[in-house]
Amino acid sequence: MESETKEKNKYSLIFKRLIKRYNRHDISAYAALMAFFLTLSLFPFLIILFAILGQLSLDTNLIISAIELFFPPEVHELVMDYIRQNIILRDYSILSLSVIGTLWASSRGIRALMLSLNMAYEVKETRNYLIVKLIDVFYTILIIIGIVFLLTLPNIGREFLMFVDDYLTINQNIFDLINMVKIYALPISIVLIITTLYMFLPNKKQSFKKVLPGTIFTVLGWTILSYLFSLFVNYIANFSVIYGSLSTIIILMLWLYFSSIILILGGELNSVFKDTQK
């Protein structure tokens, strides 16, 4: 009975500390900054992604599956409309501008997350300004490469097995395994990206064990957010009355804003857990 009371007091203390940190560390402001730059980088990033996969003659349905998995239906429809209308790319000058735009906007979003995580762990940024900028760009490029690799690997793996199957008999279970990898690779990769950001982005390296609470919180938080956000947009808020044709962009920015809050709170949770265990 006493142990249960201590456990309840522990989680109550964690919750209270998170509320205090939310106000003291200006999480809302950093989340708004992240949402703004993520919105700017999203569409140029899609242009780059489809251009790369098009050059490699690979199936782009995995991107669509990723969009359906990651975005709520309202945001998913906006992104899909953009893809259908603008994604056929023949002008490579636009691709160059997309690369520059994605790197600039995404790195600014990464920078905002870095600042908020430094604040969560209550450490000052002591790294050289140039080093910090290189880290911003490095993580942006790493995420892009990781997503492209994730999307191309199942295709390459299946094509290779089909080539080998012409000469050697391959069990059908191997092909089924490739299809299963496609299903689970996306959510696993999202978890790995979140974990990596929590471990290496702040100016205080963290172990895998120490960032696990925040990673679990963020994944669960995003899942719940997508469901609640859909209910909010469909049954409560009528953005088109106020914003008209801009309503879909407003919905996208709001969803990215709340997603950014959850991501930053995950870092705060890691720090709070560490403090309570001292």
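What comes next is a walk through the structure. (Residues numbered from 1 in each chain as written. Predicted model: local features only at pLDDT ≥ 70, side-chain atom pairs only at ≥ 80, totals over all residues. Heavy atoms only, no water.)

1. Describing the overall build of the chain
1) Next: Tallying secondary structure elements over the chain gives 10 helices and 0 strands in all.
2) Next: Each helix and strand of the chain, ordered N terminal to C terminal, gives the series α-α-α-α-α-α-α-α-α-α.
3) Next: For the chain, with 278 residues in total, the buried portion stands at 43%.
4) Next: For the chain, the proportion of contacts with a sequence separation of at least 24, taken over those separated by at least 6, is 80%.
5) Next: Taken as a whole, the chain presents about 16100 Å² of accessible surface, with 67% of it coming from carbon and sulfur. (Helix = DSSP H or I, 4+ residues; strand = E, 2+ residues; numbered from the N terminus. Buried < 20%, exposed > 50% of the residue type's maximum accessible area, 1.4 Å probe, protein only. Contact = heavy atoms within 4.5 Å. Areas by Shrake-Rupley, 256 points an atom, 1.4 Å probe, with all protein chains shown as cover.)

2. Quick look at the pattern of salt bridges
1) Next: By the definition in use, this model includes 3 salt bridges.
2) Next: Arg21 is paired through a salt bridge with Glu268; the nearest N and O atoms lie 2.6 Å apart. Residue Arg21 is found in helix α1 (residues 2–24), and its partner Glu268 is found in helix α10 (residues 247–276); the two are separated by 247 residues along the sequence. (Salt bridge = Lys/Arg side-chain N within 4 Å of Asp/Glu carboxyl O.)

3. Regarding a nonpolar patch on the surface
1) Next: A cluster of nonpolar residues, Phe208, Leu212, Ile216, Leu220, Ile224, Tyr227, Leu228 and Leu231, forms a patch on the protein surface that exposes about 780 Å² of accessible area.
2) Next: You can see Leu231 is positioned in helix α8 (residues 208–236).
3) Next: Looking at Leu231, the relative accessible area reads 31%, which means it is partly exposed. (Patch = residues over 30% accessible without salt bridge, like charges linked within 9 Å, V, L, I, M, F, W, Y side chains within 5 Å.)

4. Notes on the nonpolar core
1) Next: By size, the foremost hydrophobic cluster in this structure holds 48 residues, and its most contacted members are Leu113 and Leu201.
2) Next: Of all the secondary structure elements, the ones that give two or more residues to this core are α1, α2 (27–55), α4 (73–86), α5 (92–120), α6 (129–165), α7 (172–200), α8 and α10.
3) Next: Per-element tally for this core: the top contributor is α10, with 13 residues.
4) Next: Among residues more than four places away in sequence, those in contact with Leu113 are Met34, Leu197, Leu201, Leu263 and Ile264. (Core = buried A, V, L, I, M, F, W, Y, C linked by side-chain atoms within 4.5 Å.)

5. Points about the environment of Met80
1) Next: Structurally, the position occupied by Met80 is in helix α4.
2) Next: Separated by 16 residues in sequence, Met80 and Ile64 place their C-alpha atoms 7.8 Å apart.

6. Focus on unusual backbone geometry
1) Next: Of note, Asp26 is a non-glycine position whose phi angle comes to about 50 degrees, a positive value.
2) Next: Topologically, Asp26 is positioned in the loop between α1 and α2.
3) Next: Among the residues examined, Asp26 registers a relative accessible area of 44% and is labelled partly exposed.

7. Points about the packing of aromatic side chains
1) Next: For the structure shown, the criterion picks out 4 aromatic pairs.
2) Next: Residues Phe36 and Phe37 carry aromatic rings whose centres are separated by 5.1 Å and whose planes lie at 75 degrees to one another, so their mutual orientation is edge-to-face.
3) Next: Owing to a relative accessible area of 40%, Phe36 belongs among the partly exposed residues under this scheme.
4) Next: Seen in terms of ring centroids, Phe37 and Trp104 are 5.5 Å apart; in terms of plane orientation they differ by 80 degrees. Their pairing is edge-to-face. Here Phe37 is found in helix α2, whereas its partner Trp104 is found in helix α5, with 67 residues between them in sequence.
5) Next: Taking relative accessible area as the criterion, Phe37 reaches 7% and is therefore assigned buried.
6) Next: Aromatic ring contacts, followed pair by pair, group Phe36, Phe37 and Trp104 into a single cluster. (Phe/Tyr/Trp six-rings, centres within 6.5 Å; stacked < 30°, edge-to-face > 60°.)

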